[in-house]
Every structure is written in C-alpha cells, then in structure tokens.
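# Understanding the architecture of this molecule
The chain contents come next:
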Amino acid sequence: MLKDYYAILNVAQDATVAEIKQQYQKLLLIHHPDKQQQQQQQQSQTLPVSVTSIPLQDIKEAWECLRQPTQRSFYDSSLKAMKLRANGQVNDDIDLDDMEYDEDSSTYSSPCRCSGEYIISEGELELGVDTVVCSTCSLIVRIHYELADDEDNEEN
Ligand SMILES: [Zn+2]
C-alpha cells in the first residue's frame, strides 16, 4: 500500500519543490526530539492530532521521494492509480501477454478506446504496480501478470 506523501507533508499535489521543502522543514522542527518532549506535556490541549500522529520516518521518506522530479512523477502516477483503484474506478482488465512490448524503452503498451495508450514499464511491474492510467484520458486498467519465476519451463 502506497503512502500518501502529500497528505503526510500536508501539501497540495501540485506544490512546487520549494513549497514542499518549506513544509518539510517546518514538520522537522515540530518533530524535533527536544521539542517533542515539551509537546508531550501539553499536546492534549495545543497540538492538532494530525501533526503528532505522523512518524518522522514517513516525513523524511516523503521528502526524499518528492524532491526528485523523476521519482515524484513516477510516484504521482502510482498514487493516482492507487486512488482510482480504491474508488473502484478500474475500467478494464488487460493481460500483460496481450500488450505490445517495446524493447527500446522496456515498456508494455496497449491502446485505449480514446486514441491514448496505457503504458507500463518493466521497472513499474517489478515494483508491483499493476494499474495504469491512460496517457490521454482518465480511464484506468488493471494489468494481470505473473512474476516470471518459472523460466526453467521454457523449451531449450
Ligand atoms: Zn484513454
């Protein structure tokens, strides 16, 4: 299950890196061990639950991911797919075998009913991603595949 880093850092999904960094540093201060001791004494009256309940580890993890554009865009698409799936909006199921493989980019693709495409990379598959949003419209498909651990069965 993917963590919602935007919710953890309490920033908008389209926040700039600078905005995210500012918020990250603010949260670090709040979670600083010295501060936390003071807070524990008065937290019942002063601190909102949402601030105290987030582990520092999650905050750091969120920042490490969102600060890097490539990782962030990959994370964004995974998060979007996860949310759509949670809402039961998966539109179709595809078998990985039915998808077109492109060796140059190591991606699998399948046409959508609009003129867009569903594209998933081998890297994403290895990470366990199995839902893809169309490159053009908002339809989403779930991809069925089995991890290739039975290569010995291939003919020689
Ligand atoms: Zn589409």
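Everything that follows concerns the structure shown earlier in this document.
Scope of this entry: the structure provided in the associated data block. (Residues numbered from 1 in each chain as written. Predicted model: local features only at pLDDT ≥ 70, side-chain atom pairs only at ≥ 80, totals over all residues. Heavy atoms only, no water.)

## A few points about the coordination of the zinc ion
Note the threshold: With water omitted from the atoms examined, metal sites may look incomplete; donors here are N, O and S atoms no farther than 2.8 Å from the metal, or 3.2 Å in the case of Na, K and Ca. Every geometry call rests on angle ranges, with four donors termed tetrahedral when all angles are between 85 and 135 degrees, four termed square planar and six termed octahedral when opposite donors are over 155 degrees apart and all others are between 65 and 115, and everything else termed irregular. The classification of residues rests on relative accessible area computed with a 1.4 Å probe and restricted to protein chains. Under 20% of the type maximum is buried, over 50% is exposed, and intermediate values are partly exposed.
Distances from the zinc ion to its protein donors, namely Cys112 (SG), Cys114 (SG), Cys134 (SG) and Cys137 (SG), fall within the range 2.2 to 2.3 Å. What the 4 donor atoms of the zinc ion show is an angle range of 104 to 115° at the metal, which sorts the shape as tetrahedral. Mapping the donors of the zinc ion onto the primary sequence gives the spacing C-x1-C-x19-C-x2-C. Given a relative accessible area of 26%, Cys114 falls into the partly exposed group.

## Re the sheet that holds strand 4 (residues 117–121)
Here is the rule: When DSSP finds two or more bridges between a pair of strands, those strands are recorded as paired. Secondary structure elements follow DSSP: runs of H or I of four or more residues count as helices, runs of E of two or more count as strands, with numbering from the N terminus. To get an axis, a line is fitted to the C-alpha atoms, and for a helix only the part in contact is used. The angle between two axes follows their N-to-C directions and goes from 0 to 180 degrees.
Read across the open sheet, the 3 strands follow the order 2-3-4; overall the sheet is antiparallel. Both outer strands of the open sheet, strand 2 (100–102) and strand 4, are each paired with one neighbouring strand and no more. Going from strand to strand, the sheet's axes swing by 25° on average, the running direction of each strand aside. Pairing of strand 2 with strand 3 (residues 107–111) involves 3 bridges; the strand directions are antiparallel. Bridging from a neighbouring strand, Glu100 pairs with Ser109 of strand 3.

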